[in-house]
Amino acid sequence: MAHWLYKSEPASWSWEQQKAAGEKGTEWTGVRNYLARNNMRAMQLGDKGFFYHSNEGLEIVGIVEVCALSHPDSTAKGDGRWDCVDIRAVCDIPKPVSLKDLKANERFAKMSLVTSMRLSVQPVTDDEYLEICRLGGLDNPPR
């Protein structure tokens, strides 16, 4: 299984709103970057990812999973270039992991969040996933 990171501004869509969407989850819409779109097209059901609060907070606050494969983005208004996946909340990160903490740790020097700040949907390596879960206080991370 692959791991991912989804960036969202809390004023637009927060972790609390994601959790409130429940088991059905919600479309991850509005992505207008080809690399981020291609990342979503590569996702499989059950892939786990981090929910990251950008602009405000700058921290990983939760874990989500893909609950519907890539499909046309309903906000693209007929522009067939843009896809999205559906994600649902899995669990909170007990101790949110900040961007500052990641930048200070050499283990994350090549992580997309550190090197490609603007990309809204990013891959996360298995090692990065497990280490962030450990830093966040998840002893038994969802896989």
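For the structure given in this document, a descriptive report is provided here. (Residues numbered from 1 in each chain as written. Predicted model: local features only at pLDDT ≥ 70, side-chain atom pairs only at ≥ 80, totals over all residues. Heavy atoms only, no water.)

Some thoughts on the packing of aromatic side chains
Here comes step 1: Scanning all chains against the criterion turns up five aromatic pairs.
Here comes step 2: Taking 4.7 Å as the distance between ring centres and 35° as the angle between the ring planes, the aromatic pair formed by tyrosine 34 and tryptophan 82 counts as tilted. On the criterion of sequence distance, the pair formed by tyrosine 34 in helix α2 (residues 34-41) and tryptophan 82 in the loop between β4 (59-72) and β5 (83-98) is long-range, its members being 48 residues apart.
Here comes step 3: An aromatic cluster is built from Tyr6, Trp15, Trp28 and Phe51, whose rings are joined through pairwise contacts. (Phe/Tyr/Trp six-rings, centres within 6.5 Å; stacked < 30°, edge-to-face > 60°. Helix = DSSP H or I, 4+ residues; strand = E, 2+ residues; numbered from the N terminus.)

What about the pairing of β5?
Here comes step 1: Strand direction decides the pairing type here: strand β2 (residues 26-27) and β5, joined by two bridges, are antiparallel. From the neighbouring strand, threonine 26 faces β5, where its bridge partner is isoleucine 87.
Here comes step 2: Judged from the ten bridges that link them, β4 and β5 form a sheet pairing that is antiparallel. Considered in β5, the bridge of isoleucine 60 is made with valine 97. (Pairing = 2+ DSSP bridges.)

Notes on the nonpolar core
Here comes step 1: If you look at the biggest cluster of nonpolar residues, it comprises 17 residues, and the most contacted ones within it are Leu5, Phe50, Ile60, Leu102, Met111 and Ile132.
Here comes step 2: Listing elements by their share of this core, those giving two or more residues are β3 (48-53), β4, β5, α3 (99-103) and α5 (126-135).
Here comes step 3: Looking at this core, the element that brings in the most residues is α5, giving three residues.
Here comes step 4: Excluding residues that lie within four positions of it along the chain, isoleucine 60 makes contacts with Leu5, Phe50, Phe51, Tyr52, Ile93, Pro96, Val97, Leu102 and Ile132.
Here comes step 5: In terms of nonpolar packing, the next biggest core, distinct from the first, is built from 16 residues, Tyr6, Met43, Val66 and Leu119 among them. (Core = buried A, V, L, I, M, F, W, Y, C linked by side-chain atoms within 4.5 Å. Buried < 20%, exposed > 50% of the residue type's maximum accessible area, 1.4 Å probe, protein only. Contact = heavy atoms within 4.5 Å.)

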